[in-house]
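# Per-entry structural report
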Amino acid sequence: MAKHNFFAGPSILPDYTVEETAKALKDFNGTGISLMCMSHRDKSFDAVMNKTVELFKQVLDIPAGYSVIFLGGGASLQFAMVPMNLLRTKAFYLNTGTWANKAEKEAKLFGEVVEVSSKPDNYTYIPKGFQIPTDCDYMHITTNNTIFGTEILEDFNSPIPVVADTSSDIFSRPLDVSKYGLIYGGAQKNLSCAGVTFVIVKDELLGKVDRPIPTMLNYKTHIDGNSMFNTPPVVPIFAAMKTLEWIINEGGVKEMERRAIIKSTKLYEEIDRNKLFKGTVQAGSRSRMSVCFVMNEEYKDLEPKFLDFVKGRDMVGLKGHRSVGGFRASLYNALPEASVDALVQAMQDFEKQN
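The text that follows walks through the structure, step by step, so that each part is easy to find. (Residues numbered from 1 in each chain as written. Predicted model: local features only at pLDDT ≥ 70, side-chain atom pairs only at ≥ 80, totals over all residues. Heavy atoms only, no water.)

## Here's the deal with the overall build of the protein chain
Scanning the protein chain for helices and strands turns up nine helices and 14 strands. Along the three orthogonal principal directions, the C-alpha set of the protein chain runs to about 60 × 55 × 30 Å. The proportion of buried residues among the 354 residues of the protein chain is 56%. Long-range pairs, those at least 24 residues apart, make up 66% of the contacts in the protein chain with a sequence separation of at least 6. (Helix = DSSP H or I, 4+ residues; strand = E, 2+ residues; numbered from the N terminus. Buried < 20%, exposed > 50% of the residue type's maximum accessible area, 1.4 Å probe, protein only. Contact = heavy atoms within 4.5 Å.)

Printed below as a string of structure tokens:
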């Protein structure tokens, strides 16, 4: 029996992506050579790279004037690459969780940083009603916070370029890419297996800082080299291509959003109804991708028992991040609604027993 996979990342991917990638690992495109053993300079892989870029632009409706590149180093390297390439004097950071805080820390190495933060309230909400300073080079946001369970579900109308870390909710809703200067993310949640990072950047923003940028950390290097200045992570890029095909075949990002709303609503309704559990995020800031919850205080001692209970029902990945505890259900695109139904049923059955 297949597991109900709620892991936060690396996480569930479409069966189509897994199966097609497995085939390519044995025999890539009928060449008789494994994808792992194929030179990235071969024309057949060049076609994969070009198609993956093309599908990215199609799925997100990316306008002209933007480049799509694939890099190593994860989103964590982007925490430094963004300010290295874009920060001239000052940047504005919306600090809404652990990863946003880490991104801000790296930016301070390159210039002044001002922030709006929900950290004093343990990141239980997305700040609202703040003014975006117009004297900053860019505004940085983390759209989904996997550890605390908040999500930004709108595109800001910003007077300065918006940079967004979309690692854990990319392709879960339509984005107006024209409202962003740069979008990046690790692929190991809604796109591919671990090992590749995507960057969508508005070309006109580059080349304006005075500092020297190391060759490998310069976005222009990878744009000019079609993401193949050095050897790219070929298997994750191929898997990303297959996931993008799957998204298109399933109805695109609007359909992904429809499903995300259904799945997350079902689970939040059960959390709010069930006497054993409570959510950890304020209404209006709840994530559709990362549903975080805990036991009510009088039932705290039941947390290990509940994890064993769901494990017995073939559910994995529900333990909360080590820094916050509790539970976390990651409801990424590839997670079927049936898995959410199974979790809700388990919560109801556990409540009856306790």
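## Considerations on the side chain of S167
Within the secondary structure, S167 is located in the loop between β8 (162-165) and β9 (182-186). Take S167: its relative accessible area is 11%, and that puts it in the buried class. Within the structure, the side chain of S167 is placed 2.7 Å from the side chain of D165, a separation counted as a polar contact. In this structure the side chain of S167 is engaged in a polar contact, spanning 3.0 Å, whose partner is the backbone nitrogen of G186. (Polar contact = N/O pair within 3.5 Å; in protein donor to acceptor, adjacent residues only side chain to side chain.)

## A word on the sheet that holds strand β14 (residues 327-330)
On the basis of which strands lie adjacent, the open sheet formed by three strands has the order β11-β12-β14 and antiparallel pairing. The open sheet is flanked by β11 (277-279) and β14, the only strands paired with a single partner. Across the sheet, the axes of successive neighbouring strands diverge by a mean angle of 35°, strand direction being ignored. (Pairing = 2+ DSSP bridges. Axes fitted to C-alpha atoms, helices over the stretch in contact; angles between N-to-C directions.)

## Focus: the pairing of strand β4 (residues 112-117)
Of the strand pairs in this sheet, strand β3 (residues 90-95) and β4 are connected by six bridges, and their pairing is parallel. Its bridge partner lying in β4, K90 is registered against E112. As a crossover connection, the stretch from β3 through helix α4 (residues 98-107) into β4 is right-handed. (Right-handed = clockwise from strand over helix to strand, strands pointing away.)

## Overview of the packing of helix α3 (residues 74-86) against α4
In the contact formed by α3 and α4, the axes pass within 8 Å of each other and the chain directions differ by 40°. On the basis of their axis angle, the class for α3 and α4 is oblique. The two elements α3 and α4 cross, and the hand of that crossing is right-handed. Here α3 contributes F79, A80 and P83 to the contact with α4, which in turn contributes W99, K102, A103, E106 and A107. Across the contact of α3 with α4, the residue classes break down as six nonpolar, no polar and two charged. (Parallel < 35°, antiparallel > 145°, perpendicular 65-115°, else oblique. Left-handed = near helix turned anticlockwise from the far one by under 90°. Nonpolar A, V, L, I, M, F, W, Y, C, P; charged D, E, K, R; others polar.)

## What about the packing of aromatic side chains?
Under the defined criterion, the tally for this structure stands at 16 aromatic pairs. Aromatic pair F56 and F70: ring centres 5.6 Å apart, planes at 65°, arrangement edge-to-face. Here F70 lies in strand β2 (residues 66-71) and F56 lies in helix α2 (residues 43-60), a separation of 14 residues in the sequence. Of the residues examined, F56 reaches a relative accessible area of 0% and is grouped as buried. Taken together, the ring pairs connect F277, F293, F306, F309, F327 and F350 into an aromatic cluster. (Phe/Tyr/Trp six-rings, centres within 6.5 Å; stacked < 30°, edge-to-face > 60°.)

## Things to note about the pairing of β8
Here β8 shows no split at all, with V162 and A164 on one side and V163 and D165 on the other all buried. Sheet topology places strand β5 (residues 139-142) next to β8; four bridges connect them, and they run parallel. Within β8, the residue paired with M139 across the bridge is V162. Across three bridges, β8 lies against β9 in parallel orientation.

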